[in-house]
Protein chains: 2
Amino acid sequence: MARVTIQHVAQAAGVSPSTVSNFLNDRQGRMVAATRTRIETAIAELGYRPNRAARQLRNGKTQTVGLVVPSVGNPFWGAFAHEVEVAALALGCSVLLCNSERDPERERRYVEELWEDGVRSIILCTSLPSLDHVSQVIKEGLRLVTFDRPAQPHDPESVVSISIDNNVGGQVATAHLLELGHTRIAFVSGSIRSVNRSARYRGYCDAIEAAGLSVADMPHWTGLDADLFGDVEAAEVGRAAAKDLFADPATAPTAVVAINDMTALGFCRGLRDLGLKVGRDVSVIGFDDIILADLYDPPLTSVRQPITRMAQLAVSEAVERGSNESTDPGSSVLLRAELVVRESTARLA
Amino acid sequence: MARVTIQHVAQAAGVSPSTVSNFLNDRQGRMVAATRTRIETAIAELGYRPNRAARQLRNGKTQTVGLVVPSVGNPFWGAFAHEVEVAALALGCSVLLCNSERDPERERRYVEELWEDGVRSIILCTSLPSLDHVSQVIKEGLRLVTFDRPAQPHDPESVVSISIDNNVGGQVATAHLLELGHTRIAFVSGSIRSVNRSARYRGYCDAIEAAGLSVADMPHWTGLDADLFGDVEAAEVGRAAAKDLFADPATAPTAVVAINDMTALGFCRGLRDLGLKVGRDVSVIGFDDIILADLYDPPLTSVRQPITRMAQLAVSEAVERGSNESTDPGSSVLLRAELVVRESTARLA
DNA sequence: TATGGTCAGTGCATCGTTACACCGATTTCA
DNA sequence: TGAAATCGGTGTAACGATGCACTGACCATA
């Protein structure tokens, strides 16, 4: 069961390995139709599949897309990773998965390792304000697509960003609560040092101000030192927030915008611990619209990210840009987030 | 910024590339301590990292573990994939992720592609009764670790299986409900053609019979043609089951064992649609203990799979067995599942 | 009939690492 | 003391695919 190499194909087709190589690499203009078909049938009959390692060694590239997410343990990232894999498969690539745990140092290490292993396209799900930690590799030619992190002024030119418009998302979520008559609306998040989180927060602030209210008057949760919290623990943030915000009923909010669905669900759980009922006593809205938002009791209102479309965009940017050695400047795509209203938000009694 | 190769290291250390290679491949017995340290410092100073492609081309192997899961979009598999990645990282390997969508043909294709790309160890999360579709590759030397699928009589000898004892799990879950006074207990699942599912079902039956009851008397849900349902749709199965089982109140169950947490949550959602309250009106128990089980309202009783430990076991079997070319027969590890009692199960009123 | 230009395809060096055969210098031991 | 074994290490030929420089054969033009 020895491996079928390009030589075997060449022999079977009665040509030289070089010609087969030309065939494989779309330099087919340089050969007569008959040769082309002879090679084609030889490949089919022998079941030849090019050896990746050899290819990569020769030209220093892979057909692999690197995917760095905070943690696939989190349902949102799991779902996104899944979509990425599907999209990559459609384009004939495989996906190398890395969990950064939101640790910049791990992000850097993964990106560099991937680069040195010949991966030329990486989808990096980060929300760090700066890309300094990977800029060296970008200079060397890495195609970087960031996800969930809109472009920032000092980003390297070639970077492509795919993200929802978090500011608008924050506004839509908050406006929804305002329309329901709520005037004491809290924003619950771990650290908002990340760009997407602060954008959501700004959207929240904008909507509050636009309604003639003052952010300063809103119940405020300063939070735990959120750097302690990875993604899986996002729920704990929500739970802790509920406990703190409702410690004094006089200052408690009637509605809450949570930074994501996991935090929202944790918050709901915290309310339950306090004997409060989501929807009836307190309105809660999350972000992401993970699959569990709809399953929850009560079903969670959420700002949906169109992850299927985003994954497709990210992969095609990563793969297609990677194929031509273009150095045209990157782009920044901000998709519109969609409000999905369910039962966790209700008119103020 | 040219690549640092083994030659550069050799030159810097004043030895031949072969010696550096020997050093790297733990044939250090064949060299004097001084040489060893010279190589070590040279590597550190130059920041040398061996080129994977070249290594792989040379000896036909990778340091990569293949992971084939049904879908990382499902929180359980996402969490498992995460644990696998962590465990692999600790052993210096990377993980190539594939989603089979529970399609045997995709499973086969992925396994073969991985094999041909030099991956020699694969963790396959399948629950197909037979491994015929990948047996060819196993014969050629693939180290296969199956997860969530205990060993079957006709499995190739070298296969290692890691799984919980689903039969016992099914019994424990059912016994818990029986102890709470329930006598009308339904089992809800999509297709139980898979080995783990049927084991859970047998455990359920065993417990029923052991209590002096008859499975035939239990409310039964024949289900949709469950092959239509991927993992993400597991919740839909639960939802549909709730609707059907409670169509006639006279024959409705008072408690339900769901095949996994997603289905259990879907079932809870279905109950809610019907105006029934989980815990109070109907007891529901799931499998897996995904992170959302604890967040749900009410928190879901579940049979926990110790995924961290299982992932570690799977990776170490895959990697360590892969390193020595042993052909010793595989093993089958059945871990004990742990019942986590929460509020979705309650004493029969 | 020279000259030059296409066209279709080939030969060869090369990517970075590794296994194996080999080599000179000591050491061992009968 | 001489033959063999051991030690510490080196030289070289691969692994499979690629792309550049090249070669004949053929055609067109002057």
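Quick notes on the rules
- Residues numbered from 1 in each chain as written.
- Chains lettered and ligands numbered in written order.
- Predicted model: local features only at pLDDT ≥ 70, side-chain atom pairs only at ≥ 80, totals over all residues.
- Heavy atoms only, no water.
- Salt bridge = Lys/Arg side-chain N within 4 Å of Asp/Glu carboxyl O.
- Buried < 20%, exposed > 50% of the residue type's maximum accessible area, 1.4 Å probe, protein only.
- Contact = heavy atoms within 4.5 Å.
- Buried area = accessible area lost by both parts, 1.4 Å probe.
- Polar contact = N/O pair within 3.5 Å; in protein donor to acceptor, adjacent residues only side chain to side chain.
- Helix = DSSP H or I, 4+ residues; strand = E, 2+ residues; numbered from the N terminus.
- Near = heavy atom within 4 Å.
- Nonpolar A, V, L, I, M, F, W, Y, C, P; charged D, E, K, R; others polar.
- Pairing = 2+ DSSP bridges.
- Axes fitted to C-alpha atoms, helices over the stretch in contact; angles between N-to-C directions.
- Parallel < 35°, antiparallel > 145°, perpendicular 65-115°, else oblique.
- Left-handed = near helix turned anticlockwise from the far one by under 90°.
- 1 Å grid on protein atoms, 1.4 Å probe; cavity = no way out; pocket = protein on both sides within 12 Å on 5 of 7 lines; lining within 4 Å.
- Points joined across faces, edges and corners; volume = space filled by probe spheres on them.

**Q** Would you explain the pattern of salt bridges in this entry?
**A** Between side chains of opposite charge, a pair can form as their charged atoms come close. The final tally for this structure, using the stated rule, is 35 salt bridges over all chains. Two residues, R280(B) and D281(B), come together in a salt bridge whose shortest N-O distance is 2.9 Å. According to the relative accessible area criterion, D281(B) is partly exposed, its value standing at 30%. Where salt bridges share partners, they join R239(A), R269(A), D273(A), D289(B), D294(B), R304(B), E338(B) and R342(B) into one cluster.

**Q** Looking at this structure, I do not really get the interface of chain A and chain B. What am I missing?
**A** Buried accessible area, meaning the area lost when the parts come together, often serves as the stated size of an interface. Every contact between the two is made by 50 residues of chain A and, on the other side, 50 residues of chain B. Interface area, chain A with chain B, both sides summed: about 4,600 Å², of which 54% is carbon and sulfur. Counting across the chain A and chain B interface gives 13 salt bridges. Across the salt bridge formed by R49(A) and E116(B), the nearest N and O atoms sit 2.3 Å from each other. Taken together, the connections running from chain A to chain B amount to 20 residue pairs in polar contact (both at pLDDT 80 or more). For the side of chain A that touches chain B, the secondary-structure elements that each account for two or more residues are α4 (52-59), α5 (75-90), β2 (94-99), α6 (104-116), α10 (234-245), α11 (261-273) and α12 (291-295) of chain A. Counting residues per element, the side of chain A that touches chain B draws most heavily on α5(A), which supplies eight residues.

**Q** Where do I start with the protein's contact with DNA strand D in this structure?
**A** As a structural note, the neighbourhood of DNA strand D is formed by 24 residues, with I6(A), R27(A), R58(A), T19(B) and T35(B) the closest of them. Each atom of DNA strand D within 4 Å of the protein was assigned to sugar, phosphate or base; sugar and phosphate come to 65%. S18(A) places a side-chain nitrogen or oxygen 3.1 Å from a base oxygen of DNA strand D. In this structure, a phosphate oxygen belonging to DNA strand D sits 2.5 Å away from a side-chain N or O atom of R55(A). Contributing elements (two or more residues each) for the surface near DNA strand D: α2 (17-24) and α4 of chain A together with α2 (17-24) and α4 (52-59) of chain B. Each residue belonging to the surface near DNA strand D can be placed in one class, and the counts come to eight nonpolar, 11 polar and five charged.

**Q** How should I be thinking about the protein's contact with DNA strand C in this particular structure?
**A** The immediate surroundings of DNA strand C are formed by 25 residues, with T19(A), T35(A), I6(B), Y48(B) and R58(B) found nearest. Expressed as a percentage, the sugar and phosphate content of the atoms of DNA strand C within 4 Å of the protein is 66%. At 2.7 Å from a base oxygen of DNA strand C is found a side-chain nitrogen or oxygen belonging to R58(A). Take S21(B): an N or O atom from its side chain is 3.3 Å from a phosphate oxygen of DNA strand C. Taken together, the elements giving at least two residues each to the surface near DNA strand C come down to α2 and α4 of chain A together with α1 (6-13), α2 and α4 of chain B.

**Q** For this particular structure, what's the right way to read the environment of V257(B)?
**A** Inspection of the secondary structure puts V257(B) in strand β7 (residues 255-258). You can call V257(B) buried: its relative accessible area is 0%.

**Q** I tried to follow the sheet that holds β7(B) on my own but got confused; where do I start?
**A** For sheets, the rule is that strands pair by backbone hydrogen bonds, running either parallel or antiparallel. All names here are of chain B. Pairing in this open sheet of five strands is mixed, and the strands run β6-β7-β8-β9-β11 from one edge to the other. Of all the strands in the sheet, the pair left with one neighbour each is β6 (185-188) and β11 (338-340). Averaged over all neighbouring strand pairs, the angle between strand axes comes to 20°, with direction disregarded. In this sheet, strand β8 (residues 283-288) lies alongside β7 in parallel orientation, the contact comprising three bridges. Looking across to β8, one finds that V257 is bridged to I285. The strands that helix α11 (residues 261-273) touches are β6, β7, β8 and β9 (301-304); relative to β8, the one it contacts most, it runs at about 155°.

**Q** Explain the packing of α4(A) against α4(B) here, please?
**A** Helices that pack against each other are described as a pair by the angle of their axes relative to one another and the distance between those axes. Packing of α4(A) against α4(B) brings their axes to within 8 Å, and their N-to-C directions diverge by 140°. With respect to their mutual orientation, α4(A) and α4(B) come out oblique. In the crossing of α4(A) with α4(B), the sense of the turn from one axis to the other is left-handed. Along its contact with α4(A), which presents A53(A), A54(A), Q56(A) and L57(A), the element α4(B) presents A53(B), A54(B), Q56(B) and L57(B). Of the residues in the contact of α4(A) with α4(B), the class split is six nonpolar, two polar and no charged.

**Q** Sorry, what's going on with unusual backbone geometry here?
**A** Note: most residues except glycine have negative phi, and most peptide bonds are trans. Between D297(A) and the following residue, P298(A), the backbone shows a cis peptide bond with an omega angle of 0°. Phi angles above zero are rare outside glycine, and R102(B) is one such case at about 60°. As for its position among the elements, R102(B) is in the loop between β2 (94-99) and α6 (104-116). Exposure remark for R102(B): the relative accessible area of 31% places this residue in the partly exposed category. Here the phi dihedral of D148(B) falls at roughly 70°; this positive angle occurs in a residue that is not glycine. When you line up the elements, D148(B) lands in the loop between β4 (143-147) and β5 (160-164).

**Q** Where do I start with the side chain of S163(B) in this structure?
**A** All names here are of chain B. The topology assignment puts S163 in strand β5. S163 gets classed as buried once you look at its relative accessible area, which sits at 0%. For S163, the residues in contact, after removing those within four places along its chain, are D148, R149, P150, M310, V333, L334 and L335.

**Q** I tried to follow the layout of surface pockets on my own but got confused; where do I start?
**A** Residues and elements named next belong to chain A. Taken as a whole, the second largest pocket spans an internal volume of roughly 1,100 Å³. Along the wall of the second largest pocket there are 39 residues; nearest its centre are T62, Q63, T64, G92 and C93. Each residue belonging to the lining of the second largest pocket can be placed in one class, and the counts come to 15 nonpolar, 12 polar and 12 charged.

**Q** Looking at this structure, I do not really get the side chain of N260(A). What am I missing?
**A** All names here are of chain A. Position of N260 relative to the elements: it lies in the loop between β7 (255-258) and α11. A polar contact is formed between the side chain of N260 and the backbone nitrogen of M262, at a distance of 3.2 Å. One polar contact links the side chain of N260 to the main-chain amide nitrogen of T263, over a distance of 2.8 Å. Beyond its immediate chain neighbours, meaning those up to four positions away, N260 contacts R197, R200, A234, G286, F287 and D288.

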